[in-house]
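The chain contents come next:
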Amino acid sequence: MHNTDTKQKKILSGLLALSIVLACACGKTEETEKTRKTRAQKTEEAIVTDDSEKETETSSESSADTATEEPETTTEEPETTTETFTSAFDAEKAKNYMASIGFDGVVLVAENDQIVWTHASGYADRKNKTPNTLDTVFEFGSITKQFTAAAIMQLEEKGLLSTEDTLDKHIPEYKYADQITIHQLLNMTSGISDYLFNGMLGFSFDELNGMTLEMLLDFEDTMTKLVTTPLDKDEFVQKLSEYPLDFTPGTEYAYSNSNYYLLGIIIERLSGMAYDEYVRENILQPLNLSDLYPDIDHLTSDGRTDLFIMSFDLPHQDPTISYAVGVMTGTAEGLFNWEKCVMDEMLLSEESWNKVLDGGAFGYGYGWNIENGYIEHSGMTLGYNTNVRVDSDSRRVIVVLSNIQPLEGRDKKPMSSEICEELWQYYG
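From a predicted model like this one, the values you see are computed outputs, not experimental measurements.

## Brief notes about the sheet that holds strand 6 (residues 292–293)
Here comes step 1: Read across the open sheet, the 3 strands follow the order 5-9-6; overall the sheet is antiparallel. Taken across any chain shown, the strands that pair with only one partner, and hence form the sheet edges, are strand 5 (138–139) and strand 6.
Here comes step 2: As paired elements, strand 5 and strand 9 (residues 329–330) share 2 bridges and run antiparallel to each other. Each bridged residue has a counterpart across the sheet, and for Glu139 the counterpart in strand 9 is Thr329.

## Observations regarding the pattern of salt bridges
Here comes step 1: Under the defined criterion, the tally for this structure stands at 14 salt bridges.
Here comes step 2: Lys169 is the partner of Asp165 in a salt bridge, and the nearest nitrogen-oxygen pair spans 3.4 Å.
Here comes step 3: Overall, Lys169 belongs to the exposed group, its relative accessible area being 58%.
Here comes step 4: In this structure, the salt-bridge partner of Asp313 is Arg304, at a minimum N-O distance of 2.8 Å.
Here comes step 5: Among the charged side chains, a salt-bridge network with shared partners connects Asp104, Arg126 and Lys413.

## Some words on the nonpolar core
Here comes step 1: With 85 residues, the main nonpolar core has Tyr174, Leu262 and Trp338 as its most contacted residues.
Here comes step 2: Residues contacting Tyr174, with those up to four places away along its chain left out, are Leu167, Ile180, Ile192, Val237, Leu240, Ser241 and Leu245.
Here comes step 3: Val109, Ile398, Leu423 and Trp424 belong to the second largest nonpolar core, which has 21 residues in total.

Scoring rules and cut-offs
- Residues numbered from 1 in each chain as written.
- Predicted model: local features only at pLDDT ≥ 70, side-chain atom pairs only at ≥ 80, totals over all residues.
- Heavy atoms only, no water.
- Pairing = 2+ DSSP bridges.
- Helix = DSSP H or I, 4+ residues; strand = E, 2+ residues; numbered from the N terminus.
- Salt bridge = Lys/Arg side-chain N within 4 Å of Asp/Glu carboxyl O.
- Buried < 20%, exposed > 50% of the residue type's maximum accessible area, 1.4 Å probe, protein only.
- Core = buried A, V, L, I, M, F, W, Y, C linked by side-chain atoms within 4.5 Å.
- Contact = heavy atoms within 4.5 Å.

The structure is reproduced here in structure tokens:
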């Protein structure tokens, strides 16, 4: 148990970091329970309960005809399309579990490339009381890193870079460019400090120690201005150069969103295309993937951040802040279709996929946590938290997308990663 002062300090610190954009998935605030226990670099995920939202539950084939104060609850297990296939997933147990917790968002469970169970609850648009459905478009946060890593591997296959290149070949203006390789950016062993946590965006955690109630009440205006102010990429590199490395590159692991911001800059410089344009034309279109977007233009949901009894419904952050770190948005089924491509090792060569899925000494590949028997990544942005887990051998996938970011941990308001961990146990 934490005492009140320590607890409040921790929550306020987490809120600031999240609100800046927390495109970090499985980073300092996004690790699964198992990963946090095995990596000293991770910090504890936290949550705050919001009892004001009524839960609803829908299937992948159902949608609300009208928006009401309390959306009607319905459940339906999708029929399988293959007569010989019977899912091992315990849908009844999953239904009971989701009914026992507070959750705003969508869950999709798949096996053998088929969706076998879905759940939707809470509101996509709280102002107009529009329920979440399987068609709701969420922010993915650091699940974006999967797409950024794939783009880098494409550029390597084209001979435009090598993962063993030092950054001075591509971003020579960065102060420590000659000490760090692209490989070390991809697997989080660069030692570069995290721009969401090191204070380079204008805040440091030390400033929060003496936060008063008046300052907290001004928080919404302060954060609104911050997240709607574009971040210049050249200025980003210049400011990042002012921060020393946290450790000698390659010697340790520390999740840092700065790594993938720099990778986005490399993608743009070598391809001559904006990051969002590159992803659309070189990843989504070749794979015929719909309901996935490298932008915030298609969002049909609004996020919420909870702090104690206060809730903050802030605007979506400018895409230049989340960028190649966490700008991707989409539906649960859209993400599932991408993960099927990952399981089938499409788009890239076998050699490239072997690099992507090699966890090395620290259990982190290129945009993926590499666990025993599955791969996984979480994501957070302002008001959203997400998780996806994939087992290629059993063809099992769980996607959890939530448009609420709770910050004080309670059993009845778990994070998406914790929900995914629980539901994973329901496979037979």
